[in-house]
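Letter by letter, the chains look like this.
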Amino acid sequence: MGSKLFRLVIYFAVLMAFSAQADDMSKGMAAFQDGKFNEAYQFWKPLAEKGDANAQFNLGLLYRNGHGIKQNDRAALEWFSKAAQQGMLDAQYNTGLMYFEGRGVAVSKMEAYEWWKLAAGKGHAPSQHNLAVLYAYGIATGKDEKKAMELWLLSAKQGHKGARKALFQAYTEGMFGVTPDPSAAKQWQD
């Protein structure tokens, strides 16, 4: 077999494998949306074991919420972490949340901080909000109200309700290093 033909065969084999994975992912999503959680699990588990970050994240959700399988925070954290290590922002956020709440692991505000900082740096609004809370109150960080306000602003501009509420409250009550400013507060009122 010539090298050109060999590369073509490999290319089609990879393409077929990718197509099958995408098909299983969509079948799992359809099952999930129909409330057939165990069926979704059956589609996603093999993909997750092969390293598919989306499938890993989805398994984390199933385990965290006990949908179709026994609720298991430790397994949820394991799957979220695998997807998070591949750069999935929602997985980084959820991994941080699991550490913050001590679900499946001992509470570690510092570990939560590290995961949220990673996702916040890539523009993830919920992580920016949670990181802002840590800075505002000095949880796992030194208290840095200016940094908190910067992060809340970034998150609020993306429409995050918690960040908008925090800015409204800060400008209404003069919190987190800002003076009361009714016009600034009104901008963030929902």
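Here, the structure is the one placed above.
A brief look at the structure comes next. (Residues numbered from 1 in each chain as written. Predicted model: local features only at pLDDT ≥ 70, side-chain atom pairs only at ≥ 80, totals over all residues. Heavy atoms only, no water.)

## Observations regarding the packing of aromatic side chains
Counted according to the given criterion, the structure contains nine aromatic pairs. Measuring from centroid to centroid gives 5.9 Å for phenylalanine 32 and tryptophan 44, while their planes differ by 40 degrees, and the two rings are tilted. Of this pair, phenylalanine 32 sits in helix α1 (residues 3–33) while tryptophan 44 sits in helix α2 (residues 37–49); the two residues are twelve residues apart in sequence, bridging distant segments of the chain. Classification of phenylalanine 32 as partly exposed rests on a relative accessible area of 27%. Classification of tryptophan 44 by relative accessible area gives buried; the value is 1%. Judged by centre distance (5.6 Å) and plane angle (90 degrees), the rings of tyrosine 137 and phenylalanine 176 are edge-to-face. Residue tyrosine 137 is located in helix α7 (residues 125–137), and its partner phenylalanine 176 is located in the loop between α9 (161–173) and α10 (182–187); the two are separated by 39 residues in the primary sequence. Through a chain of ring-to-ring contacts, three or more aromatic side chains come together here, namely Phe32, Phe37 and Trp44. When the ring centre of tryptophan 79 is taken as reference, the NZ or CZ atom of lysine 82 above it lies at 4.8 Å. (Phe/Tyr/Trp six-rings, centres within 6.5 Å; stacked < 30°, edge-to-face > 60°. Helix = DSSP H or I, 4+ residues; strand = E, 2+ residues; numbered from the N terminus. Buried < 20%, exposed > 50% of the residue type's maximum accessible area, 1.4 Å probe, protein only. Lys NZ or Arg CZ within 6 Å of the ring centre and 35° of its normal.)

## Notes on the environment of glutamate 145
Its location among the elements puts glutamate 145 in helix α8 (residues 145–157). Exposure remark for glutamate 145: the relative accessible area of 27% places this residue in the partly exposed category. Here the side chain of glutamate 145 touches glycine 177 through a polar contact of 3.3 Å, landing on its backbone nitrogen. (Polar contact = N/O pair within 3.5 Å; in protein donor to acceptor, adjacent residues only side chain to side chain.)

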